[in-house]
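Structure assessment
Okay, here's what each chain looks like letter by letter:
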Amino acid sequence: MTSTTTFSNGSDLSENWDSEVLRLNALTGDIKSIYLWVVFGIGFPGNIFCILTVLTMHQMTTATFFVSLLAFYDACTLTVKLVYHQLGKHQVYLGSMGCKMAFLSNFFSAQANWVLVFICAERFVAVCFPLKKAYIVTKRRSYVCSAVMFIALLIPFALLYVFMRDSDPSGRHCGTFEEYVQFWIHGWYWINSFIYLFIPLFCIVILTAFIIRGLTRSRVDRRSIMRTSSKGEHGNRRLMVEVERLERSITVMLIMAALIFTILLLPSCVFLLAFTDSENPLVRARWRLFDQIQYVFSDSSHAVNFFLYFFSAQRFRNQFLCLLTCRTRRLVNQRHRCTESGVTKYSIALSRGEET
C-alpha cells in the first residue's frame with residue numbers, strides 16, 4: 001500500500017485567509033451595528049434613575065453631587081455616541097457643523113472619567129484626613145472644581161475640532177484638514193488618550209489604594225484604642241464590630257469599583273499601546289475586531305454605575321425602591337427610612353458612610 005501526502009497550494013491558503021478576513025470583518029460590523037443600542041438601552045435609563053434617586057435624597061452633599069454629575073455625563077456620552085453612530089450608518093448629511101460638534105463624544109467621556117477621579121479624591125480626604133474633611137471638601141469647592149474641569153476640557157476639544165475637522169463635499173463624512181493630519185494622527189491621538197484614559201485611570205487606582213490603606217490603618221488604631229479602654233467595654237466592642245462591618249463593606253465596594261473600572265478600560269489601554277499597522281489583511285482584520293471590542297468595554301463603563309450603586313449601597317437601593325413605587329408622601333414623611341444606611345457608589349462615591 002502506498003501513501004500519498006497532499007499539500008495545500010498558495011491559492012488554497014490565500015482563499016482560506018480571504019474567508020477568515022471576510023468572517024472577521026462581518027463579525028466586526030455586526031458588533032458595531034448592535035452593541036451601542038444594547039449599552040444605551042441599559043445605561044441611559046439607569047443613569048436617569050440614578051440622577052432622580054440622588055436628587056430626591058434628603059440632602060445634597062459633595063458625594064451626591066458628584067454621583068449625579070457622573071450619571072449626567074454618562075447619559076450624555078451614550079446619547080451622543082448613539083446619535084453619531086446612527087447618522088454615520090444611514091449616511092445622513094452632517095455638514096461642517098455636524099463634524100465639528102463630534103467632539104462632544106470624547107469630551108463627555110473624558111468628563112465622566114475625571115468625575116470619577118473627583119469622587120476618589122473626595123473619599124480619600126474623608127478616610128485619610130477625617131478631621132480636615134469639612135474644611136477641604138466643601139460644596140462650593142466641588143462646584144468650582146467641576147466647572148474648572150469642564151472649561152479645561154472643553155477648550156482643547158472644541159478648538160481642535162473647530163479648526164482641524166470638517167466634512168467632505170458630500171457633507172456625509174468627516175475628515176481632517178491636510179495640514180493637520182500628521183498632528184491628528186501622531187499628536188492628538190496620544191494627547192486624547194492620556195486625557196481620557198491613562199491619567200484618570202492612574203489616579204483612580206492610586207487613590208483607591210490609599211483609601212484601602214487608610215481604612216486598614218484606622219481599623220488597627222481603633223482596635224488598639226478599644227483594647228486599652230476600661231470603661232464601657234461591651235458597648236465599645238459592639239461599636240467596633242459595627243464600624244468594622246461598615247468599613248469592610250466600603251472596602252469591598254472600593255475594590256470592586258476599581259476592579260470593574262480597570263477591567264472595562266484595560267482593553268483600550270492594550271489597544272492604544274500595542275496597536276501596529278500592518279499590510280497583512282488578516283492582521284488588520286484582527287486589529288479591527290479588537291478595536292471594536294475595546295469600544296464595547298469602554299462604552300459599557302458609562303452604563304454600569306447605577307447597577308453598582310444599587311447592589312452595593314443599601315441606602316441608594318432603598319431610596320430607588322421608594323421612588324420606583326411612587327410612595328411620595330411616605331417618602332417625605334419617612335425619608336430617614338429610605339435613606340438610613342449608607343455606603344456608596346461605583347468608582348467609590350456613594351461610599352460615604354457618614355455623610356451620604
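Reading the values: the criteria
Residues numbered from 1 in each chain as written. Predicted model: local features only at pLDDT ≥ 70, side-chain atom pairs only at ≥ 80, totals over all residues. Heavy atoms only, no water. Core = buried A, V, L, I, M, F, W, Y, C linked by side-chain atoms within 4.5 Å. Buried < 20%, exposed > 50% of the residue type's maximum accessible area, 1.4 Å probe, protein only. Helix = DSSP H or I, 4+ residues; strand = E, 2+ residues; numbered from the N terminus. Contact = heavy atoms within 4.5 Å. Patch = residues over 30% accessible without salt bridge, like charges linked within 9 Å, V, L, I, M, F, W, Y side chains within 5 Å. Areas by Shrake-Rupley, 256 points an atom, 1.4 Å probe, with all protein chains shown as cover. Salt bridge = Lys/Arg side-chain N within 4 Å of Asp/Glu carboxyl O. UniProt positions renumbered as here; feature names shortened; annotations may be inferred. Disulfide = S-S within 2.5 Å. Phe/Tyr/Trp six-rings, centres within 6.5 Å; stacked < 30°, edge-to-face > 60°. Lys NZ or Arg CZ within 6 Å of the ring centre and 35° of its normal.

An unreviewed UniProt entry lists the protein chain under the name Growth hormone secretagogue receptor type 1, with Biomphalaria pfeifferi given as the organism.

**Here we look at the nonpolar core**
With 58 residues, the main nonpolar core has Cys50, Leu70, Val115, Leu153, Phe157, Leu197 and Phe316 as its most contacted residues. Listed by contribution, the elements that provide at least two residues to this core are helix 1 (10-55), helix 2 (62-89), helix 4 (103-128), helix 6 (139-164), helix 7 (181-228), helix 8 (233-274), helix 10 (305-312) and helix 11 (314-324). The biggest single contributor to this core is helix 4, with 15 residues. Excluding anything up to four places from it in sequence, cysteine 50 contacts Val67, Ala71, Phe306, Tyr309 and Phe316. Tyr35, Leu78, Leu82 and Ala303 belong to the second largest nonpolar core, which has six residues in total.

**Quick word on unusual backbone geometry**
Residue glutamine 91 is not a glycine yet carries a positive backbone phi of 55 degrees. Here glutamine 91 is to be found in the loop between helix 2 and helix 3 (95-100).

**Focus: a nonpolar patch on the surface**
Together, Phe150, Ile151, Ile155, Leu159, Val162 and Phe163 make up a nonpolar patch on the protein surface, roughly 540 Å² of accessible area in all. As for its placement among the helices and strands, valine 162 is situated in helix 6.

**Some remarks on the UniProt feature "transmembrane region" (unreviewed entry) in the protein chain**
The UniProt feature table records "transmembrane region" (unreviewed entry) at residues 34-55, 62-84, 111-131, 143-163, 194-216 and 250-273. From the first C-alpha to the last, residues 111-131 spans 29 Å; its make-up is 86% helix and 0% strand.

**Concerning the pattern of salt bridges**
Enumeration according to the criterion identifies three salt bridges in this entry. With a closest N to O distance of 2.8 Å, arginine 23 and glutamate 20 form a salt bridge. Residue arginine 23 and its partner glutamate 20 are both found in helix 1; the two are separated by three residues, about one turn of the helix. The closest approach of N and O atoms between lysine 81 and aspartate 299, which form a salt bridge, is 3.4 Å. Of this pair, lysine 81 sits in helix 2 while aspartate 299 sits in helix 9 (residues 281-300), and the two are 218 residues apart along the sequence.

**Remarks on the state of the cysteines**
Under the defined criterion, the tally for this structure stands at one disulfide. For cysteine 99, the disulfide goes to cysteine 174, at an S-S distance of 2.0 Å. Where cysteine 99 bonds to cysteine 174 through sulfur, the torsion about that S-S bond is close to -85 degrees, and the disulfide is left-handed. With cysteine 99 in helix 3 and cysteine 174 in strand 2 (residues 174-176), this residue pair connects regions lying 75 residues apart in the sequence. Note on cysteine 99: relative accessible area 1%, which makes it buried.

**Quick notes on the packing of aromatic side chains**
Inspection of the entire model under this criterion finds 27 aromatic pairs. Consider the rings of phenylalanine 103 and tyrosine 161, whose centres lie 6.2 Å apart with planes at 50 degrees: the pair is tilted. In this pair, phenylalanine 103 is assigned in helix 4 and tyrosine 161 in helix 6, connecting sequence segments 58 residues apart. With relative accessibility at 6%, the residue phenylalanine 103 sits in the buried group. According to the relative accessible area criterion, tyrosine 161 is buried, its value standing at 7%. The structure contains a cluster of three or more aromatic residues connected by ring pairs, namely Phe72, Tyr73, Phe103, Phe107, Phe108, Phe150, Phe157, Tyr161, Trp184 and Trp188. Note that arginine 141 overlies the ring of tyrosine 135, its terminal NZ or CZ placed 4.8 Å from the centroid.

**Here we look at the environment of lysine 133**
Mapped onto the fold, lysine 133 is located in helix 5 (residues 133-136). Take lysine 133: its relative accessible area is 8%, and that puts it in the buried class. Along the sequence, lysine 133 and glutamate 122 sit eleven residues apart, while their C-alpha atoms lie 8.4 Å from each other.

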